[in-house]
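# Remarks on the overall topology
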Amino acid sequence: MIQSVAFIGLGAMGYRMAAHLPKHFDTVLVWNRNFSKAKQHATEYGTTAVELSEAVQADIIFSCLPTSQDVETLIDSVEIKSGAIWIDCTSGVPEAAQRLAEKLKPQNIDFLDAPVSGQTIGAENATLTFMVGGDVNAFERAYPAMAALGKLIQHVGDSGAGFAVKAINNMLLAVNLWSVAEGFSTLKAHGVNLDAALNCINASSGKSLVTENIFPQRVLSREFPVTFALPLLAKDTGIALDLVHDAKLPAPILSLTQSLIQAASLTAEPNSDFSAAVKMYESWSKITLE
């Protein structure tokens with residue numbers, strides 16, 4: 001049975017995710033590099049802010065950090081409880097998951113790469129999708145902890161498979177985002193009412209999460225709320241393209257999309273949301289999508 005759970009990394013996603021754990025577990029420990037944020041979380045949600053050395057003594061350890069390198073560096077700096085399961089919700093690199101799983105196994109520690117999808121609203125409502133790679137027995141033991149935070153908890157394969165699925169998922173998000181920007185700019189150039197067009201497309205075969213959610217709530221509204229940073233999308237599309245190259249597959253659309261998202265990230269204003277990538281296309285087309 002799970003006696004204690006820790007959550008490491010209280011960013012936009014982690015802060016909301018960790019908030020659900022006290023509803024299901026008696027002992028919930030939190031740690032963040034900016035420790036005042038951990039103290040704030042404890043005050044707000046009834047978790048316990050602890051030092052990192054104590055957090056890694058929990059039965060289940062969640063991490064949600066910007067990159068796999070951040071996770072590897074952190075793991076190298078601590079002694080983790082024997083028998084623990086480390087669940088990494090970072091959008092990471094498959095090879096890093098494989099390295100960490102292999103490194104921790106002799107210490108009787110299981111490592112699951114378990115990135116999530118569903119944005120901050122999914123974290124807020126505990127409706128995230130978990131795509132999990134790693135030992136299936138560890139997955140089954142850790143399932144109750146992930147189920148406290150998500151709606152679909154899916155084991156997708158061996159170590160690294162979870163990160164691979166997340167990278168491809170985010171690449172497909174980027175493809176959709178860019179194609180919708182081009183399509184709707186074309187419609188506006190022809191004098192079409194974009195809200196009316198959106199209603200039609202969302203009842204037709206061209207609909208996607210981008211047309212149903214991201215475009216109306218972020219782009220056409222011109223709000224671009226920062227919930228998933230553009231540099232992180234650029235990182236994820238890079239991971240996806242590395243997977244394509246490793247498989248020695250042709251991928252003209254994915255390659256072009258990665259280049260476009262990378263360029264948008266490099267030219268965007270600091271702290272831009274991923275949806276702000278469309279602003280680069282707007283600068284080319286001289287058409288503002290609103």
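If you're wondering where the values come from, they're calculated on a predicted model, not measured in any experiment.

Moving on, we come to the domain arrangement of the chain. In terms of domain boundaries, the chain breaks down into domain 1 (2-156) and domain 2 (162-283). Placing the centre of domain 1 and that of domain 2 at their C-alpha centroids yields a distance of 28 Å. Every contact between the two is made by 23 residues of domain 1 and, on the other side, 17 residues of domain 2. Carbon and sulfur atoms supply 61% of the area buried between domain 1 and domain 2, which totals about 1,400 Å² over both sides. When the buried surface of domain 1 facing domain 2 is broken down by residue, Ser-91, Pro-94 and Gln-119 rank first, second and third, together holding 36% of it. Inspection of the domain 1/domain 2 interface yields 0 salt bridges.

Turning our attention to helix 5 (residues 94-104). Of the positions making up helix 5, those classed as buried are Pro-94, Ala-96, Ala-97, Leu-100, Ala-101 and Leu-104. Down the axis of helix 5, the buried set is contained in an arc of 155°. They therefore lie on one face. Looking at the buried side of helix 5, the elements it contacts are helix 4 (68-76), strand 6 (110-113), helix 8 (161-189) and helix 11 (230-246).

Moving on: the UniProt feature "domain: 3-hydroxyisobutyrate dehydrogenase-like NAD-binding" (unreviewed entry) in the chain. The feature "domain: 3-hydroxyisobutyrate dehydrogenase-like NAD-binding" (unreviewed entry), as annotated in UniProt, sits at residues 160-281 in this numbering. Annotated as 70% helix and 0% strand, the span residues 160-281 places its first and last C-alpha atoms 33 Å apart.

Within the largest apolar cluster, 34 residues are counted, with the highest numbers of intra-cluster contacts made by Phe-7, Met-17, Phe-62, Ile-87, Phe-130 and Met-146. Taken together, the elements giving at least two residues each to this core come down to strand 1 (4-8), helix 1 (12-18), strand 2 (27-31), strand 4 (60-63), strand 5 (85-88), strand 8 (128-133) and helix 7 (136-147). Take this core: its biggest share by element is 5 residues, from helix 7. Look past the residues within four positions of Phe-130 in its chain and what remains in contact with it is Met-17, Phe-62, Cys-89, Ala-114, Pro-115, Val-116, Met-146, Leu-149, Gly-150, Leu-152, Ile-153 and Gln-154. By size, the runner-up hydrophobic cluster in this structure holds 30 residues, among which are Leu-177, Phe-184, Phe-228 and Phe-274.

Quick look at the packing of aromatic side chains now. Counted by the stated rule, this structure contains 8 aromatic pairs. Seen from their ring centres, Trp-178 and Tyr-281 are 5.9 Å apart, and the 75° between their planes marks the pair as edge-to-face. With Trp-178 in helix 8 and Tyr-281 in helix 13 (residues 278-285), this residue pair connects regions lying 103 residues apart in the sequence. If you follow Lys-279 out to its NZ or CZ, it ends over the ring of Phe-224, 4.5 Å from the centre.

If a strand is regular, its side chains alternate between the two faces of the sheet. Taking every second residue as pointing to the same face, both faces of strand 6 are buried, with Asp-110 and Leu-112 on one and Phe-111 and Asp-113 on the other. Each parallel crossover has a hand, and for strand 5 linked through helix 5 to strand 6 it is right-handed.

We now examine the pattern of salt bridges. Side chains carrying opposite charge are able to pair once their charged atoms draw close together. Taken as a whole and assessed by the stated rule, the structure comprises 9 salt bridges. Where Asp-76 meets Lys-103, a salt bridge forms, and the shortest distance between an N and an O atom there is 2.1 Å. Remark: Lys-103 occurs in helix 5 and Asp-76 occurs in helix 4; sequence separation between them is 27 residues. Notably, a salt bridge pairs Asp-273 with Arg-218, separated by 2.8 Å at the nearest N-O pair. One end of the pair, Asp-273, is in the loop between helix 12 (252-267) and helix 13; the other, Arg-218, is in helix 10 (residues 209-219), with 55 residues separating them in the sequence. Like Arg-218, Asp-273 is buried. One continuous salt-bridge network, built from bridges that share partners, spans Lys-105, Asp-110 and Arg-141.

Analysis parameters
Residues numbered from 1 in each chain as written. Predicted model: local features only at pLDDT ≥ 70, side-chain atom pairs only at ≥ 80, totals over all residues. Heavy atoms only, no water. Domains from an automatic or database assignment. Contact = heavy atoms within 4.5 Å. Buried area = accessible area lost by both parts, 1.4 Å probe. Salt bridge = Lys/Arg side-chain N within 4 Å of Asp/Glu carboxyl O. Buried < 20%, exposed > 50% of the residue type's maximum accessible area, 1.4 Å probe, protein only. Helix = DSSP H or I, 4+ residues; strand = E, 2+ residues; numbered from the N terminus. Arc of directions from axis to C-beta. UniProt positions renumbered as here; feature names shortened; annotations may be inferred. Core = buried A, V, L, I, M, F, W, Y, C linked by side-chain atoms within 4.5 Å. Phe/Tyr/Trp six-rings, centres within 6.5 Å; stacked < 30°, edge-to-face > 60°. Lys NZ or Arg CZ within 6 Å of the ring centre and 35° of its normal. Right-handed = clockwise from strand over helix to strand, strands pointing away.

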